[in-house]
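# Structural features, examined
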Amino acid sequence: IPVFILAGLLVHCVFLVSIFDIYFSSPLVHGMTPQQTPLPPPAKRLVLFVADGLRADSLYELNSNNTPQAPYLRGILENNGSWGISHTRVPTESRPGHVALIAGFYEDVSAVAKGWKENPVEFDSVFNESKYTWSWGSPDILPMFAKGATGDHVYTFCYAAESEDFGAQDAAKLDMWVFDRVKSFFNSSRSNQTLFSALNEEKVVLFLHLLGIDTNGHAHRPNSREYKENIKKVDEGVKEIALMIDNFYGNDGKTAFILTSDHGMTDWGSHGAGHPSETLTPLIVWGAGVNYPQKVTSQFFEDNFLKEWKLENFKRLDVNQADIAPLMASLIGVPFPLNSVGTLPLEYLNNSAHFKAESMFTNAVQILEQFKVKMSQKKETTLSFLFTPFKPLSDSEQINFLKKTRLYIQQQKYDEAVSLCKTLINLALEGLSYYHTYDRLFLGLSIAMGFVGWTTYVILVIIKTHTNLTKTVQTNNKESTVLFYSFAFVGMIIAFFLLIQTCPWTYYVYCLLPVPVWYAVVRELPVIQDLATNLMSPHIGQSIGFLLVCTLGIEILVFSFFYRSTLTIGLLVFAGWPVITQLWVQAKTTALIWTLLCVLLAIFPLMPVVGREPNIPLVIATGLLTFLISCFSLSSLCKSENKYRSNEDLKVRFYQMLSIALSTYVVSSTHDSLKNKQGLPVLNQIISWMTLVSSSVLPLLSPTFLFQRLFSILLSLMSTYLLLSTGYEALFPLVLSGLMFVWINMEQEALQHYGLSFKPKLAVFNFAYATDITQFRQLHLDDVRRSFFFVFFIVTAFFGTGNIASINSFDPASVYCFLTVFSPFMMGGLLVLKVVIPFVLVSCAFEAVQVTTQLSSKSLFLIVLVISDIMALHFFFLVKDYGSWLDIGTSISHYVLVMSLTIFMMLMNGLAQLLTAKRLELPRRTKHHST
């Protein structure tokens, strides 16, 4: 049924895309008027240092001998300026971090897909509002602000992308490069009149992006000597630049300096998630218009940092990361960035109360502007009698607020004015989010309708075509035409309603999708009635029990997405499966091995997430173990005087063993060489890439007998997996595939146990001839369990060694055998490959189970489809767009994962068929030369 498959793909793609429309459309609005403080600003120019990947505690804490990590900055903090912690939001990546700092708003999830480099920022930033901006640093960050700026006043100076090498001698040279370039830039300006006058203008920004700390943190972890040395170098560099700039301008006291970071880093050298070590970044501000250190006797914060850092007596002023943009705008007197949602942190300003009140008022009006634009957009596209405005900020309320504030400022009641502005800002932000999520409930319900309809339809298709529960029923033509027209009529009414409101075209898709789906279900009404009578009559208890067990199974799967340890419980239940169903009576050894391997596999979900603690010796041990197992199998293959064996097969097996041995060697030598800072050896890199390429071809050369072919697939994938492993996860595919081999045998026993079929001899079973079988049997209740096992193993393959967050905040160490120069797409691709390998093993085993139990892959696939769709409906309602960003990211990834599971399983199924049944014949002539 190609039509059915196409319809299924279409429906799933709609469901998948819908979540981004419903929860994560971009909150940007355009068309506001810029707002600027009318009073003269304190500073003519601003120097912004962003130390990429610098944690707050790394900068502020003291060394073991009580000396500061960064002596110059510590001195500034104690004598000249204000300090605090800037709280970032997740994803703690460089692009969103810089957008928050420089444009003042948090990029929504829809921006995650945009990657890092080339995408220009389509919104206003402090750089864009400045007269001139000069920036130095990484090619990943600077161009996006230059490209998004109007006119030609943002200049960038970047080093080559190849410099960002995790395996290099020392990444601090990236920062040295920036400092040297800035110095030579100022020196050259003395002989260049146009540049000299440009530098002496007002509203000038100098931006130094320092990537060394981040690169060193990835390569050596934040507690390493390299990371701390790099902080010292940055401290010295900042000192030199600050002195040089003050001298250049003749100490005119018109320069403001800000040092901060875009995100922190975990102890194991990754970032992207919401751990405090990633979201707490330092902020030190000094120079023109900035408050001097404020001495206090006591201050209260939830955390105990002040004591650890010995800074209890200096007032700590915490801000949200987006508040830094309005702070910069206020210091040099440019309009606040149009899309900024930051609140000006007044405590940093050393200025008159009048200036503070005026700045705060500008800030409030600027945020209110966005609210007005958003509201008018919604009003235009909604029927007037259906439109419910945001009550606390109706038009009269807005005017009231603004009038009151103006009056307070005239009467010089500045404190009252400021607190009113803060209230207004909070209300406007609430209103923005209210209008942003205005259509959510309505769209969510129509998607849910579609979901339920589709799942019901698939269940009906399974029952109608693959079981003998229902008799064939004749349909009445008259009824079906009436049905068709009534559904068409409903569809037209929905379309008309959407048309009046000028909704975007995607809304039509979401609202009209349930109509044909439910039409297909209602057409099968006789089948449903027939089924109901069949189930109700004798075995009502059995049916209900079966449904309960199904529900419980699916809930366990849903839970395992949030708590990996649920998988352990599931696997332990699996271990007892032969005992519960009395299978162990007929096959004692198989059942015993099954139980043992289930218990072994159950240990993995209890282990910490991968990548925290690298354990190279364990990877090497796994490599040797795999090598031993393959030796053992090779010897048994040689002994068996079997007429199917040819020398070519032995050669292929020998090559595979060689590649396992090579992989083991490469892993150990690469990590040694990186430890000694000698970079990645070229030979190792060549071997790694060759192994990767050959691992997809070698299985196709091996014989298609069931266990030989599956073992060959395992060996090939294992050699690639070893190269991508850094710790205990290397053992995971071994245990998993062991369990898969036993599973194939157990399913044979189950078939006999239920008296469904004869037992084919597995040893000589050949994949190549399996697809010709015409005698597919009908589905049995036990096949539902089979499909459930498959889904469970697929989920275990994914969550066995990590969770979604561990993929989000990936650790580049696992790809060091292949490349060490930062390249997000290459590294991402290799990590996806690492995740896919266990999937492939499970899919190939399931393919074998299907073939040996004589089931059409379609019927089993449909059951899997139903299971994953019911899970997806759960996750659709569990998607969050608030709370810590880790929750948000995880909830989307769960939904996307389950939704793409079905599409993904179709691909996996195809791949498994290719890997198991196809065989490449080497041309005979070349055989003689390849000795």
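Cut-offs applied
- Residues numbered from 1 in each chain as written.
- Predicted model: local features only at pLDDT ≥ 70, side-chain atom pairs only at ≥ 80, totals over all residues.
- Heavy atoms only, no water.
- Helix = DSSP H or I, 4+ residues; strand = E, 2+ residues; numbered from the N terminus.
- Buried < 20%, exposed > 50% of the residue type's maximum accessible area, 1.4 Å probe, protein only.
- Contact = heavy atoms within 4.5 Å.
- Areas by Shrake-Rupley, 256 points an atom, 1.4 Å probe, with all protein chains shown as cover.
- Axes fitted to C-alpha atoms, helices over the stretch in contact; angles between N-to-C directions.
- Parallel < 35°, antiparallel > 145°, perpendicular 65-115°, else oblique.
- Polar contact = N/O pair within 3.5 Å; in protein donor to acceptor, adjacent residues only side chain to side chain.
- Nonpolar A, V, L, I, M, F, W, Y, C, P; charged D, E, K, R; others polar.
- Pairing = 2+ DSSP bridges.
- Salt bridge = Lys/Arg side-chain N within 4 Å of Asp/Glu carboxyl O.
- Patch = residues over 30% accessible without salt bridge, like charges linked within 9 Å, V, L, I, M, F, W, Y side chains within 5 Å.
- Core = buried A, V, L, I, M, F, W, Y, C linked by side-chain atoms within 4.5 Å.
- Phe/Tyr/Trp six-rings, centres within 6.5 Å; stacked < 30°, edge-to-face > 60°.
- Right-handed = clockwise from strand over helix to strand, strands pointing away.
- Arc of directions from axis to C-beta.
- Expected span 1.5 Å × (residues − 1).
- pLDDT = per-residue confidence, 0-100.

### What about the overall build of the protein chain?
Per the secondary structure count, the protein chain includes 36 helices and eight strands. Within the protein chain, the proportion of its 931 residues that are buried is 55%. At a minimum sequence separation of 6, the contacts of the protein chain that also span at least 24 residues come to 80%. As presented, the protein chain carries roughly 40,100 Å² of accessible surface, and 64% of it is formed by carbon and sulfur atoms.

### Points about the packing of helix α7 (residues 172-189) against helix α9 (residues 212-220)
The geometry of α7 relative to α9 is characterised by a closest axis approach of 7 Å and an angle of 175° between their N-to-C directions. Taken together, the axes of α7 and α9 lie roughly antiparallel to each other. Contacts between α7 and α9 involve Ala172, Leu174 and Asp175 from the former and Gly212, Ile213, Thr215 and Asn216 from the latter.

### Description of the side chain of Gln366
Mapped onto the fold, Gln366 is located in helix α14 (residues 353-380). For Gln366, the side chain forms a polar contact with the main-chain oxygen of Pro337, separated by 3.2 Å. Setting aside its immediate chain neighbours within four residues, Gln366 contacts Gln35, Phe336, Pro337, Leu338, Asn339 and Ser340.

### Some points on the packing of α9 against helix α10 (residues 225-248)
Packing of α9 against α10 leaves a shortest axis separation of 9 Å and a crossing angle of 170°. Judged on the interaxial angle alone, α10 and α9 are roughly antiparallel. Residues Gly212, Ile213, Asn216, Gly217 and His220 of α9 lie in contact with α10, whose contacting residues are Glu226, Tyr227, Asn230, Ile231 and Val234. Looking at the contact of α9 with α10, its residues break down into four nonpolar, five polar and one charged.

### Remarks on the sheet that holds strand β8 (residues 319-320)
Read across the open sheet, the eight strands follow the order β4-β3-β5-β1-β6-β7-β2-β8; overall the sheet is mixed. Of all the strands in the sheet, the pair left with one neighbour each is β4 (154-158) and β8. Bridge count between strand β1 (residues 45-51) and strand β5 (residues 204-210): seven bridges; the pairing is parallel. What sits directly across from Val50, in β5, is His209.

### Here's the deal with the pattern of salt bridges
Considering all chains together, one arrives at 17 salt bridges under this definition. Lys378 serves as the salt-bridge partner of Asp439, at 3.8 Å between the closest nitrogen and oxygen. Here Lys378 lies in helix α14 and Asp439 lies in the loop between α16 (414-436) and α17 (440-466), a separation of 61 residues in the sequence. Since its relative accessible area comes to 17%, Lys378 is described here as buried. Of the charged contacts in the structure, one is a salt bridge between Arg785 and Glu747, with a shortest N-O distance of 2.9 Å. With Arg785 in helix α32 (residues 781-799) and Glu747 in helix α30 (residues 732-753), this pair connects stretches of sequence that are 38 residues apart. The pair formed by Arg785 and Glu747 is uniform in burial state, with each residue classed as buried. Among the charged side chains, a network of salt bridges with common partners joins Glu747, Asp783, Arg785 and Arg786.

### Some details on the environment of His753
Examined against the element boundaries, His753 turns out to sit in helix α30. For His753, a relative accessible area of 31% translates into the label partly exposed. For the pair His753 and Leu583, spaced 170 residues apart in the sequence, the C-alpha separation amounts to 7.0 Å. Residue contacts for His753: discarding those within four places in its chain leaves Thr581, Gln582, Leu583 and Gln586.

### Notes on the environment of Met718
Topologically, Met718 is positioned in helix α29 (residues 706-723). For Met718, a relative accessible area of 1% puts it in the buried group. As a C-alpha pair, Met718 and Leu731 span 13 residues in sequence and 9.6 Å in three-dimensional space. With sequence-adjacent residues up to four places away left out, Met718 is seen in contact with Thr622, Thr626, Ile660, Ala730, Pro733 and Leu734.

### Regarding a nonpolar patch on the surface
A cluster of nonpolar side chains, contributed by Phe385, Leu386, Phe489, Ile493, Phe496, Phe497 and Ile500, occupies part of the molecular surface with about 740 Å² of accessible area. Here Ile500 shows up in helix α18 (residues 477-500). A relative accessible area of 41% places Ile500 in the partly exposed class.

### Structural notes on the nonpolar core
If you look at the biggest cluster of nonpolar residues, it comprises 127 residues, and the most contacted ones within it are Phe574, Trp594, Trp743, Phe793, Met871 and Tyr895. It is helix α34 (residues 824-852) that provides the largest number of residues to this core, a total of 14 residues. What Tyr895 contacts, discounting residues up to four positions off in sequence, is Phe15, Leu16, Ser18, Ile19, Phe451, Ala872, Phe875, Phe876 and Val879. Within the second largest apolar cluster, 67 residues are counted, among which are Ala103, Leu344, Ile367 and Ile409.

### What to know about the packing of aromatic side chains
For the coordinates displayed, the defined rule picks out 55 aromatic pairs. Pairing Tyr60 with Trp83 gives two aromatic rings, centres 5.0 Å apart and planes at 75°, and the pair type is edge-to-face. Highlighted residues: Tyr60 in helix α2 (residues 56-60) and Trp83 in strand β2 (residues 82-87), separated in sequence by 23 residues. When the ring of Phe305 is compared with that of Trp309, the centres are 4.7 Å apart and the planes differ by 5°; the resulting orientation is stacked.

### Notes on the environment of Thr405
Note on placement: Thr405 falls in helix α15 (residues 395-410). Between the C-alpha atom of Thr405 and that of Ala417, which follows or precedes it by twelve residues, the distance is 5.1 Å. Every residue in contact with Thr405, bar those within four places of it in the chain, is listed here: Phe361, Ala417, Leu420 and Cys421.

### Structural notes on unusual backbone geometry
One non-glycine residue, Arg221, lies in the positive phi region at around 75°. Relative to the elements of secondary structure, Arg221 occurs in the loop between α9 and α10. The phi torsion at Asn251 lies on the positive side, around 45°, for a residue other than glycine. Mapped onto the secondary structure, Asn251 falls in the loop between α10 and β6 (255-260).

### Here we look at the pairing of β6
Across the six residues that make up β6, a large majority, six, are buried. The alternating pattern of β6 places Thr255, Phe257 and Leu259 and Ala256, Ile258 and Thr260 on opposite faces, both of which are buried. Bridge count between β1 and β6: six bridges; the pairing is parallel. Within the sheet, the bridge partner assigned to Val50 lies in β6 and is Thr260. Sheet topology places β6 next to strand β7 (residues 280-287); five bridges connect them, and they run antiparallel. Residue pairing across strands places Ala256 opposite Gly287, the latter belonging to β7.

### A short note on the pairing of β4
With five bridges connecting them, strand β3 (residues 132-137) and β4 associate as parallel partners. Counted as the bridge partner of Thr133 is Val154 from β4. Where the polypeptide runs from β3 across helix α6 (residues 142-148) and back to β4, its parallel neighbour, the crossover connection is right-handed.

### Regarding helix α3 (residues 71-79)
Think of an α-helix as 3.6 residues a turn; residues three or four steps apart then line up on the same face. Those residues of α3 not exposed but buried are Leu73, Arg74, Ile76 and Leu77. The arc enclosing the buried residues of α3, seen along the axis, measures out at 155°, which places them on a common side. Those residues of α3 that are buried lie in contact with α2, β2, α10, β6, β7 and α12 (305-309).

### Points about α15
Given a rise of 1.5 Å per residue, 16 residues ought to cover 22 Å, and the 23 Å separating the end C-alpha atoms of α15 matches this to within 8%. Here the buried face of α15 lies against α14 and α16. Of the residues trailing α15, Gln412 is marked for its positive phi of about 60°.

### Some remarks on the confidence of the model for the protein chain
The predicted coordinates should not be examined in detail at positions where pLDDT is low. Counting all residues, the mean pLDDT for the protein chain is 84, and 90% of those residues have values of 70 or more. Note on residues 924-931: pLDDT is under 50 here. Beyond four places in sequence and across chains, it has five contacts.

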